[in-house]
Structure formats: C-alpha cells, structure tokens
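One-letter residues, chain by chain:
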Amino acid sequence: MAQTVCVLLDATDAARLAAIASDRCRPLKHIQRASIVLLSSERLSVQDVARRAGVSRPAVWRWQQRYAEAGVEGLLRDKTRPPGTPPHSTETVAEVLALTCSEPPGEVTHWTGRAVARAVGISLRAVQRIWDAHRLQPHRLRTFKRSRDPAFAAKVEDVVGLYMDPPAHAVVLSIDEKSQIQALERTRPDRPLAPGHPAAQTHDYTRHGTTTLFAALDVLAGTVLGRCMQRHRNSEFVRFLNAVEAAVPPGKAIHAILDNVATHKHPKVRAWLARHPRWTFHFTPTSASWLNAVEGFFSALTRRRLRRGSFTGVVDLQAAIKRYIAEHNRRARPFVWTKPATEPAKAPSALTQTDGSGDRLTAARMSVAGLFQTKGLARRLCSAT
C-alpha cells in the first residue's frame, strides 16, 4: 500500500511555490523541491509524486518534512554539513607558505606542488588550495629590467610631457625600428579554425630572408609612416628621416622620440640633425624603450599579421607590412590618456625646456609621483625603478 502524505498549503505559500516551480532561471533543485510540495498538496501518493517530480521516494519524504519544519525558506537552502576532512591547521598552512617561498633543495630551481606535498605530508590538492588562497604561483616567472639611467625621471617627464601636452604648431613622432623580420613560409597550408579544433600550422618552415621596418607614429593622429629596408644602419635611418621630413608639412616643428640604439646617435645622424633645425630628438631612458609609443604598434603588427603569416619571400613580406600599415592608417585613432595624476603638478617654469627654434616645450604637466599613478604606466615605472 502506497504511503500518502497530505501537505496543507495556504494561499501565500502556494503562490510562492508555483512561482518558483515555473521560474526557468531558478536552480533545478529549487524547482524540484517546490514541485514536490505542490504535488503533495494534491493528495497524490509518494510514488506518484516521485515519478512526476523526477526524484526518489526518500527525496519526497525529506522535502515534505523540511517544508513542515521550516516552510518555503527551508526548501531554498541546504543544511550545513561538517567537512569530510577537517581543514589543515594554521601551522600546516604556514609551513606550506614558508617552504614555497624558500629555496628548494638539490639542483631544482623552484618548488612544485608534489614536492611541497611530500615535504609537508599533505595531499597535492591541499597544497594547490593553499596556493590559490594566498595567490602563490611558483611555476610562473616574470622578467624585469632595472633602468640605471641617472636622468631617468627627467627623461620620463620629457617624453610623457610630449604625449600628454604636445607643443602647438608641432608634430610629435615616435620613431623606432623593428629589425630582422623574417619571411617564413610554412611547409604546408594552414588548417582553418573549426568547431572543437583550433587553427593549425606546421612547426617547420622555409626561411626566405629578413627585412627591417622603420616606423614613425604620429602621436597626435595615430597614423604610421613606415618604410621597409634590407639593412639596419645609420645610412638607412637617414634615408627614413628624409622620407619623414618630406611627409611633414613645412612650417611645423618635429619632436622625435627615440631609444638609445647606436644608429640614432651616429655622427652622420647628428650631422643630418644639425642641417634640419626644426627637428628635436628626445631619447627615452636607458633600458626603457617601452616608453616609446610606436612599440605598441609593433606589438599589434606582430600579433595580428606576422606571427601567423606565411610569406613566399621578402617582397611578399614587405607588401604585407605595407598593406597592414595602410589599413591601420584608415582607422587610426590617437591614444587618449584618461586617468589623471593624484598629485598636483609642479610649476610649469620648473618643467619647461627651450628647443632650437625658441618655442617653449612643456616637458610634463605632472610630477614624477603623479606620473606613477597614470593608467598603464604606473606598473612599468615601479618595476623599472
């Protein structure tokens, strides 16, 4: 004989349970529990309630009793249960953290989860949970470079001042070279992306030579002037400067931001600079070429066009680079600084320089302390200094 339990519902509980049972955004367990109580109120047997709700008979008895004890709220929360394995003590956690941050024994360079688990006497998963809770990642390694330039702060203020407050009637150009770009041809055609399968590319390739891209990024417009040349010498750099000189309208001063490679400081380049008084070179600090804005364009070029590309020769590679630059210039937009400095700026008189033409160049409208707070630059500056 089937057991039957009649659940008596008032109008408020019945409306609330009906809303829960018809709500498709609710968790399935809440919908099933509400259905069990609603079906039980219709004087159905336990077996019929279990069949129509899609649960077992013990589940029907359990949630009938839970509703009788705690009402609708009891159906929406689970009872807390003690963990099957007690949590590790504070001493064990401290031992794992201290061991992870110490030098490992033997000839290995870092601790692994299994090595820490063996040393402490706990499971690998326990070590991983402790690492996750304390944000420890011994398998990862980040590189950094410390700039030892004695004029680091002054050069940063000069360069960032050009980005944030460029002088009037002037063009600010970020100039650099991406050298030794290889024309690699894959030995087999690439396999396209498909559901469940990523795009595939052969690991072997044929080398067809290299080219060097000279690029000048207009900071105010976001456009790029690029020239591909076979070699990276001072003579090629002077040829590129002549191309930039011809592209910039007359009557405008040109402020060029460059890194400290020897090509940019060659005597022939200095002689060319003396013959063109509207040009002013601004060098980034030593070991801080990331401050050059054109590096972001080189990164996008590598990721979006070169890394997965297959080129039949240097001419094909150069044509692809030219097409990418033309496409970039059609949709170019300048970078806009949006996060202000939290520190007040120094007086303009203490942060201005005079170029060869007598124009006043604002080097920076913020102090170095305020500069450290700017978006995207704070982390790099802190790591560099």
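Small disclaimer: the values here were computed from a predicted structure and weren't measured. (Residues numbered from 1 in each chain as written. Predicted model: local features only at pLDDT ≥ 70, side-chain atom pairs only at ≥ 80, totals over all residues. Heavy atoms only, no water.)

Student: It is not clear to me how unusual backbone geometry should be interpreted in this structure. Could you clarify?
Tutor: Among all residues except glycine, the phi angle is most often negative; among peptide bonds, the trans geometry is most common. Here H169, not a glycine, exhibits a phi torsion of approximately 55°, which is positive. In this fold, H169 is placed in the loop between helix 8 (152-164) and strand 1 (170-186). Even without being a glycine, S287 presents a positive backbone phi close to 60°. Mapped onto the fold, S287 is located in the loop between strand 5 (279-283) and helix 11 (294-306). (Helix = DSSP H or I, 4+ residues; strand = E, 2+ residues; numbered from the N terminus.)

Student: Before we go on, may I ask you to explain helix 2 (residues 28-40) in this structure?
Tutor: Its 13 residues give helix 2 an end-to-end C-alpha distance of 18 Å, which sits within 8% of 18 Å, the value for a rise of 1.5 Å per residue. Listed as buried for helix 2 are H30, I31, R33, A34, I36, V37, L38, L39 and S40. Contacts made by the buried residues of helix 2 are with helix 1 (11-22), helix 3 (46-53) and helix 4 (57-75). (Expected span 1.5 Å × (residues − 1). Buried < 20%, exposed > 50% of the residue type's maximum accessible area, 1.4 Å probe, protein only. Contact = heavy atoms within 4.5 Å.)

Student: Where do I start with the side chain of S40 in this structure?
Tutor: With respect to the helices and strands, the residue S40 is situated in helix 2. Here Q64 takes part through its side chain, which lies 2.7 Å from a polar atom of the side chain of S40. (Polar contact = N/O pair within 3.5 Å; in protein donor to acceptor, adjacent residues only side chain to side chain.)

Student: Would you explain the environment of R186 in this entry?
Tutor: Its place among the elements puts R186 in strand 1. It is 6.4 Å that separates the C-alpha atoms of R186 and D204, two residues lying 18 residues apart in sequence. In this structure, R186 is in contact with Q201, T202, H203, D204, Y205, R307 and S310, ignoring residues within four places of it in sequence.

Student: For this particular structure, what's the right way to read the pairing of strand 2 (residues 205-218)?
Tutor: If a strand is regular, its side chains alternate between the two faces of the sheet. Across 11 bridges, the pairing between strand 1 and strand 2 is antiparallel. Bridge pairing links I181 to T211 in strand 2. The hairpin turn running from strand 2 into strand 3 (residues 224-229), its antiparallel successor, is 5 residues long, and G222 in that turn takes a positive phi close to 85°. (Pairing = 2+ DSSP bridges.)

Student: It is not clear to me how a positive patch on the surface should be interpreted in this structure. Could you clarify?
Tutor: On the surface, R303, R304, R307, R330 and R331 cluster together into a positively charged patch. For R330, a relative accessible area of 67% puts it in the exposed group. (Patch = residues over 30% accessible without salt bridge, like charges linked within 9 Å, V, L, I, M, F, W, Y side chains within 5 Å. Areas by Shrake-Rupley, 256 points an atom, 1.4 Å probe, with all protein chains shown as cover. Salt bridge = Lys/Arg side-chain N within 4 Å of Asp/Glu carboxyl O. Lys, Arg positive; Asp, Glu negative; His and termini not counted. Charge placed at Lys NZ, Arg CZ, Asp CG, Glu CD.)

Student: I keep staring at the sheet that holds strand 1 and nothing clicks. Help me out?
Tutor: Backbone hydrogen bonds are what pair the strands of a sheet, in a parallel or an antiparallel way. What the 5 strands build is an open sheet, ordered 3-2-1-4-5; its pairing is mixed. At either end of the open sheet lies a strand with only one pairing partner, and these are strand 3 and strand 5. Along the sheet, successive strands turn relative to each other by an average axial angle of 30°, direction set aside. (Axes fitted to C-alpha atoms, helices over the stretch in contact; angles between N-to-C directions.)

Student: Just checking my understanding: could you explain the packing of aromatic side chains for this structure?
Tutor: Aromatic rings considered in pairs are described by the distance between their centres and by the relative angle of their planes. Inspection of every chain in the model, using the stated rule, returns 6 aromatic pairs. With a centroid separation of 5.2 Å and 75° between ring planes, the pair formed by W272 and W279 is classed as edge-to-face. Exposure class is identical for W272 and W279. Each is buried. Ring centres 6.1 Å apart and planes at 85° place the aromatic pair F281 and F283 in the edge-to-face group. Members of the aromatic cluster, joined through ring pairs, are W272, W279, F281 and F283. (Phe/Tyr/Trp six-rings, centres within 6.5 Å; stacked < 30°, edge-to-face > 60°.)

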